[in-house]
Amino acid sequence: MANAAVPPPFVPQAPFHGPGGDVILRSSDGVDFYVYRIMAESAITLDRSLRFFYPGAKPVVESLDQLCDILELLIGKYDTQSLVPLGQRFLLDYMDTEPLGCFAVAARQGWQDIAHTAARKCLSLPLLTPTYKLPDLWKHVPATAYYQLLQYHYRCGEAARAAWSDLSWVNSPESNQGIWETQPCKCTRYPQELPGTKGYGTSAWLIEYLRASAEMITTSPSPDMIGMVDDRSLMLKAFTGAQNCPDCKSRMPKVLPEFISKQWWPHVKSELAKVELALAIKSSK
């Protein structure tokens, strides 16, 4: 009986076949793979990177900067795409505390969805102020990514700024949340006739509150921060303005806070949600 055919020995192909490598990886069946020692990384970066795929090792990430170094090594340098989901999960852990850095990492890696999430989180930051400083993570990110982020931030700010200029969103006087003056009162009228007034009077103190309140959030126009805006000084000014009118003086302390929480802030959030997030993030590697 003829012997079964013996398979030919495995021969490594490029790039593992050349004798020029300075490290030899030998398989259990005696086949040599020639590779190069090109991991010019710090000990901490190597340790944290190896833990991402070494059997039995638990990944450890101590900072966003460290995660960036790990991703640059494993995904940027060695294109280990299988580690992308794990890297993204670690990145999301920093989204609430370091959204601008997360945007930089996501832009660098070309992770579109995470970049979008980070851009929305960045609305809580005063990015358009001249003294705002970028984290060091941005040194490898193309300027176009930052420009797109600033444009989105600016458009959201302008949407908030204009939120008061059309009052068609205000509930009718028949509503329990009505803010309109259904009867003539002694309040000074706002000089400009705004769209959506439904034929009812608009007190100057009320419109000035809405205008100043909208202006207050243009620097950091985050929908998540709307309910946390400290506008006590604006509220006090509005109540002071209402003191000149017996009708408004008696009803505004109850009506105005309810109007703000149930109509005004939801309206501003709705206007911010309409702003298109036009970010075309591509990997810069």
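Provided above is the structure to which this section pertains.
Residues numbered from 1 in each chain as written. Predicted model: local features only at pLDDT ≥ 70, side-chain atom pairs only at ≥ 80, totals over all residues. Heavy atoms only, no water.

Remarks on the nonpolar core
Formed by 80 residues in total, the largest nonpolar core has its most connected members in F103 and W264. If you list the elements that add at least two residues to this core, you get α2 (64-77), α3 (84-92), α4 (99-109), α5 (112-121), α6 (143-161), α7 (204-216), α8 (232-242) and α9 (246-273). In terms of residue count, the dominant contributor to this core is α9 (10 residues). (Core = buried A, V, L, I, M, F, W, Y, C linked by side-chain atoms within 4.5 Å. Buried < 20%, exposed > 50% of the residue type's maximum accessible area, 1.4 Å probe, protein only. Helix = DSSP H or I, 4+ residues; strand = E, 2+ residues; numbered from the N terminus.)

Some details on the packing of aromatic side chains
According to the stated counting rule, one finds six aromatic pairs in the structure shown. Measuring from centroid to centroid gives 5.8 Å for W169 and F259, while their planes differ by 20°, and the two rings are stacked. With a gap of 90 residues between them, W169 in the loop between α6 and α7 and F259 in helix α9 connect regions that are remote in the sequence. Like F259, W169 is buried. Chaining the aromatic ring pairs together yields one cluster made of W169, F259, W264 and W265. (Phe/Tyr/Trp six-rings, centres within 6.5 Å; stacked < 30°, edge-to-face > 60°.)

Structural notes on a nonpolar patch on the surface
A grouping of L50, F53 and Y54 is seen on the molecular surface, where their side chains present a nonpolar patch of about 330 Å² in accessible area. Here F53 shows up in the loop between α1 (43-50) and α2. Residue F53 is classed as partly exposed on the basis of its relative accessible area of 46%. (Patch = residues over 30% accessible without salt bridge, like charges linked within 9 Å, V, L, I, M, F, W, Y side chains within 5 Å. Areas by Shrake-Rupley, 256 points an atom, 1.4 Å probe, with all protein chains shown as cover. Salt bridge = Lys/Arg side-chain N within 4 Å of Asp/Glu carboxyl O.)

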